[in-house]
Amino acid sequence: MLEKRIIAILQDIVGKEYVSTEQADRICYSYDATQQQFNPDVVVRPADAEQISLILKMANAEKIPVYPRGAASGFTGGSVPIKGGIALVLTRLNRILRIDQDNLIAEVEPGVITATLQKAVEEVGLFYPPDPASLKFSTLGGNVAECAGGPRCVKYGVTKDYVLGMEVVTPQGDIIRTGGETMKGVVGYDLTKLMVGCEGTLGVITKIILKLIPKPEAKKTMLVMFDSIDGAAQAVSSIIRGKIIPTTLEFMDATALACVRQNADLDIPDAARAVLIIEVDGERELLERQAARIMDIASPLGVVHTRVAVSDEESEQIWQVRRSVSPSLRKVNPDKYNEDICVPRSKLPDMIRAIEAISKRLEIPIVNFGHAGDGNIHVNIMVNRAIEGHEEKAETAIRDIFAKTLELGGTMSGEHGVGTSKAPYIPMELDVATIAYMKAIKRALDPNNILNPGKIFLEDQ
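Residues numbered from 1 in each chain as written. Predicted model: local features only at pLDDT ≥ 70, side-chain atom pairs only at ≥ 80, totals over all residues. Heavy atoms only, no water.

A. Layout of the layout of surface pockets. Here the second largest pocket defines a volume of roughly 1,100 Å³. Taken together, 39 residues form the lining of the second largest pocket, with G197, V418, M438, I456 and F457 sitting closest to its centre. Mapped onto the lining of the second largest pocket, the elements with two or more residues apiece are α7 (191–195), α15 (426–429) and α16 (432–445). The element contributing the most residues to the lining of the second largest pocket is α16, with 5 residues. Of the residues assigned to the lining of the second largest pocket, the class counts are 16 nonpolar, 10 polar and 13 charged. Viewed by domain, the lining of the second largest pocket spans two of them, domain 2 (96–214) and domain 4 (333–417), each represented by three or more residues. (1 Å grid on protein atoms, 1.4 Å probe; cavity = no way out; pocket = protein on both sides within 12 Å on 5 of 7 lines; lining within 4 Å. Points joined across faces, edges and corners; volume = space filled by probe spheres on them. Helix = DSSP H or I, 4+ residues; strand = E, 2+ residues; numbered from the N terminus. Nonpolar A, V, L, I, M, F, W, Y, C, P; charged D, E, K, R; others polar. Domains from an automatic or database assignment.)

Here it is in structure tokens:
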């Protein structure tokens, strides 16, 4: 536990009501979506960059670890306070500071919920595309720290493609500004890109300038069921090769379909072994032509059923099939290891077949769905930790899946980040020299290793 004098300093900085050492509060800020749990010594909720600066200067002087966090919706332990210390909760910084319709930008604080910004900009005819599954409760600061993605990334890109500039408090307490409000800017090193995806290890984000684009006029959603994963994968490549970039190209394999078959409002034929949910957007008169071309491309590839939404309600019904996968997983087994590998699009069938072989060999179910348009597979290894040997089997499966992913030219994480969960596997993807350069950057900015320590790299690596 921290000394009383440290707690008193924190209370002086942010106000007594925003500092808590109560057990209930410490438990509330002890975990994320990984189910890992480590209690912080104290929970602190600052209001602005100046208060965060003072906290970090004090933490440096006293060598106290600081763990910034927003909604803690991450799947890799990125915000979990594994060494105790200070849980730095950023949800009071939750204002949309401005939406600039002349320059198509928004300036926000990190605690703004992603869906809140999207709703606000769409009300004035603008669009902020990144759409992680957690968008209704995850914060923009967390999205930027993890470089979040989502289904629409196949057409619109990921979070880093929309961050123009930031205000950041460095680990030593300096307040710096990176980038700016312009679409161009090449003065000095690109610190904005360095901070995006750093998982809160290099700085605390306190303001974000985001690029906006005009809101598409309309969208059209299609559900296409195939008799094999090969047909679905071939359709993905053929659609892209046909110069059509859909807004989303989501897939579910046979294991995911088995999970949702009982709960979906839509009829899913027994012959369906894979599903693509395809959405296009843009000018209304172009959508019918795009949808027709996509159907022409997919039809010869083993299609067993199709449905094209003719209303927003039908579109929502189609998306409900995809959303019902995660809630259905616990019926398979109570404990889940959720990985987010990414392979070249053309390698999707090879990867799915490899996962099926690993699942069969280890005798544990593995459910796959995700963003086929960019080769990003959400691999859900379902086990029961109460059964002896299941946890070990899951760890073997993870390592084998990562090895195959890298063999196929992919990456271990497309959008979840490393945190603590993937840290042991980093040397499988990055060589010694690359890791050394990354750790040198961390040491230069955070010589006392007080900001989110224990993340991305294991200390003995």
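Next comes the rest of the account.
B. Main features of the domain arrangement of the protein. Along its sequence, the protein is carved into domain 1 (4–89), domain 2 (96–214), domain 3 (216–332) and domain 4 (333–417). On a C-alpha basis, the centroid separation for the pair domain 1 and domain 4 is 33 Å.

C. The pairing of strand β17 (residues 366–371), seen in detail. The element β17 is largely enclosed, with a buried count of 6 among its 6 residues. Where strand β13 (residues 248–253) meets β17, 3 bridges bridge the pair, whose relative direction is antiparallel. The partner of E250 across the bridge, within β17, is H371. In terms of strand pairing, β17 meets strand β18 (residues 376–383) through 6 bridges, oriented antiparallel. Residue pairing across strands places N368 opposite V379, the latter belonging to β18. The loop that links β17 with its antiparallel partner β18 comprises 4 residues; one of these, G375, has a positive phi angle of about 70 degrees. (Buried < 20%, exposed > 50% of the residue type's maximum accessible area, 1.4 Å probe, protein only. Pairing = 2+ DSSP bridges.)

D. Main features of the side chain of T178. The topology assignment puts T178 in strand β9 (residues 175–179). A relative accessible area of 5% means that T178 is categorised as buried. Here T192 takes part through its side chain, which lies 2.8 Å from a polar atom of the side chain of T178. Setting aside residues no more than four positions away along its own chain, T178 makes contact with L164, G165, M166, L191 and T192. (Polar contact = N/O pair within 3.5 Å; in protein donor to acceptor, adjacent residues only side chain to side chain. Contact = heavy atoms within 4.5 Å.)

E. Molecular detail of the pattern of salt bridges. Per the counting criterion, the structure on display carries 22 salt bridges. We note a salt bridge from E109 to R95, for which the minimum N-O separation is 2.8 Å. In this pair, E109 is assigned in the loop between β6 (105–108) and α4 (114–122) and R95 in the loop between β4 (86–89) and β5 (96–100), connecting sequence segments 14 residues apart. A relative accessible area of 4% places E109 in the buried class. Of the charged contacts in the structure, one is a salt bridge between K422 and D340, with a shortest N-O distance of 3.0 Å. One end of the pair, K422, is in the loop between α14 (390–407) and α15; the other, D340, is in strand β16 (residues 335–342), and 82 residues separate them in sequence. D340 matches K422 in its accessibility class, with the two residues each being buried. In the salt-bridge network here, residues are joined through shared partners; they are R98, D100, E107 and E181. (Salt bridge = Lys/Arg side-chain N within 4 Å of Asp/Glu carboxyl O.)

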